[in-house]
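An overview of the molecular structure
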Amino acid sequence: MNTQAAATSRRDLRKRCLELRLKEFPWTSNTIYFNNAGIGPLPERSRVVVDELVAEKMAPHTIDVPGLFDRLAETRRTVGRLINAEADEIGLTTSTSLGLNIAAHALPLQASDIVLVPQREFPANVYPWLQLESRGVKVELTQPTSDGWPDEKYLCDRVSDPKVKALAISLVQFSNGYKANIARLGEACRLNDCYLVVDGIQGIGQTPFDVKSTAVDIMACGGQKWLLSPFGSGFVYVRKGLLEQLEPTFVGWLALKVQTITPGSPSTSTSCTPMHVGSRSTHCRFRICLVWTKV
Ligand SMILES: Cc1ncc(COP(=O)(O)O)c(C=O)c1O
């Protein structure tokens, strides 16, 4: 491409971006918004979907009940595409915190096992682990580097201690934007049979991420930042094969592999997943993200 053609194509791209921005975020015509991954905006197309779904709920006789399940399944597929996971590795949650709590309580951690959490993690990725101390699990809040980043070299060495059973770290640090080398940490964790749990909310949607090319065991992510979704949306990814090792944290009718609502026939023989418990919001969660990522 010659210089003039390149300049024209750049101008076209800029024009298309501006049009898209004004269409989806009309308020940006008179506002400059630096999205620092504090709170992401909701695009116009998502507002339209929310309005449609609210209208549906106001007239419940119009709701296609089996269709609700299809929407949730479609949403899980969409989230799966975002991080290259299978739909059955995705659970829809209400926040990053819920996913991290599922990880902390469902992983088979026992008294005197050690969990590594770098200092300066967002509190959502600290308290669920500290809570395990009441069960005798030890949490080590590891020192950062002199730059204030998680010390990956130290973490990679530390996981070789057989007592270290899990490492919980953010994909991107909330306080300084440091992006962790998840591939490197994952390799060290896998070599040493240590679970790797990732808080994805500061990165997913902003930076491409492929769970298949890393050794992430569990990823928790809220939808309210880079995924441009409402508060109360999120997902948890659980690597295939790991699900069977998890202790179900909460159990509910939608957590059973074989679901039944036949009166008087509860069965404990059906295995359950900690990722889904009961009815989930079809309109406040990733339906919105789904619409956004589809186009
Ligand atoms: C790294 C990180 N984790 C989690 C959260 C939020 O957690 P939740 O989705 O549970 O509100 C934030 C910011 O709000 C964050 O920066």
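Cut-offs applied
- Residues numbered from 1 in each chain as written.
- Predicted model: local features only at pLDDT ≥ 70, side-chain atom pairs only at ≥ 80, totals over all residues.
- Helix = DSSP H or I, 4+ residues; strand = E, 2+ residues; numbered from the N terminus.
- Buried ≥ 20, exposed ≤ 12 C-beta atoms within 10 Å, placed from the backbone.
- Contact = placed C-beta atoms within 7 Å.
- Pairing = 2+ DSSP bridges.
- Axes fitted to C-alpha atoms, helices over the stretch in contact; angles between N-to-C directions.
- Core = buried A, V, L, I, M, F, W, Y, C linked by C-beta atoms within 7 Å.
- Expected span 1.5 Å × (residues − 1).
- Arc of directions from axis to C-beta.
- pLDDT = per-residue confidence, 0-100.
- Right-handed = clockwise from strand over helix to strand, strands pointing away.

Side note on the overall build of the protein
- When you go through the protein residue by residue, the secondary structure sums to eight helices and seven strands.
- In the protein, which comprises 295 residues, the share counted as buried stands at 38%.
- For the protein, the share of sequence-separated contacts (at least 6 apart) that also reach a separation of at least 24 residues comes to 67%.

Let's talk about unusual backbone geometry
- The residue asparagine 84 is not glycine, and still its phi comes out positive at about 60 degrees.
- Here asparagine 84 lies in the loop between α3 (65-83) and β1 (90-93).
- Residue leucine 228 is not a glycine yet carries a positive backbone phi of 55 degrees.
- Take leucine 228: it is sitting in the loop between β6 (218-222) and β7 (234-238).
- By the C-beta count within 10 Å, which is 22 here, leucine 228 ends up buried.

Brief notes about the sheet that holds strand β2 (residues 114-118)
- Overall, mixed pairing links the seven strands, which are arranged β1-β7-β6-β5-β4-β2-β3 in an open sheet. Every other strand in the sheet has two partners, leaving β1 and β3 (138-142) as the edge strands with one partner each. In this sheet, adjacent strand axes meet at a mean angle of 20 degrees when their direction is disregarded.
- Pairing analysis gives three bridges linking β2 to strand β4 (residues 164-170), with the strands arranged parallel. What sits directly across from leucine 116, in β4, is leucine 167.
- This element, α3, spans β1 and β7 of the sheet and lies at about 115 degrees to β1.
- Along the sheet, helix α4 (residues 96-106) makes contact with β1, β5 (195-199), β6 and β7, crossing β6 at roughly 160 degrees.

Observations concerning the nonpolar core
- Leu167, Leu196 and Tyr237 are the most contacted members of the largest nonpolar core, which has 59 residues in total.
- Considering each element in turn, this core owes the most residues, six residues, to α4.
- Excluding residues within four positions of it along the chain, leucine 196 makes contact with Leu167, Leu185, Gly186, Cys189, Ala215, Val216 and Asp217.

Considerations on the pairing of β1
- Burial along β1 is two-sided: the residues Ile90 and Leu92 and Gly91 and Thr93 are all buried.
- Two strands pair when backbone bridges link them, and β1 and β7 are joined in this way by four bridges, in the antiparallel orientation. Note on β7: the bridge partner recorded for isoleucine 90 is tyrosine 237.

Some remarks on α3
- Between its terminal C-alpha atoms α3 stretches 28 Å, which fits the 27 Å expected from 19 residues at 1.5 Å a residue.
- Every buried residue of α3 is listed here: Leu72, Thr75, Arg76, Thr78, Val79, Leu82 and Ile83. All buried residues of α3 project into a common sector of 160 degrees when viewed along the axis, lining one side. Away from its buried face by more than 90 degrees, α3 exposes Pro66, Gly67 and Asp70.
- Positive phi shows up at asparagine 84, right after α3, with a value of about 60 degrees.

So, the confidence of the model for the protein
- Averaged over the protein, the pLDDT score is 87; the fraction of residues at 70 or greater is 85%.
- Throughout residues 283-295 the model reports pLDDT below 50, and contacts reaching past four residues in sequence, or to other chains, amount to 49 contacts.

Focus on the pairing of β5
- Of all five residues that make up β5, five are buried, and the element is covered over most of its length.
- By the alternation rule, side chains of β5 split into Tyr195, Val197 and Asp199 and Leu196 and Val198, which are all buried.
- Sheet topology places β4 next to β5; five bridges connect them, and they run parallel. Within the sheet, the bridge partner assigned to isoleucine 169 lies in β5 and is valine 198.
- Once the chain exits β4 it traverses helix α7 (residues 182-191) before rejoining the sheet at β5, and the crossover so formed is right-handed.

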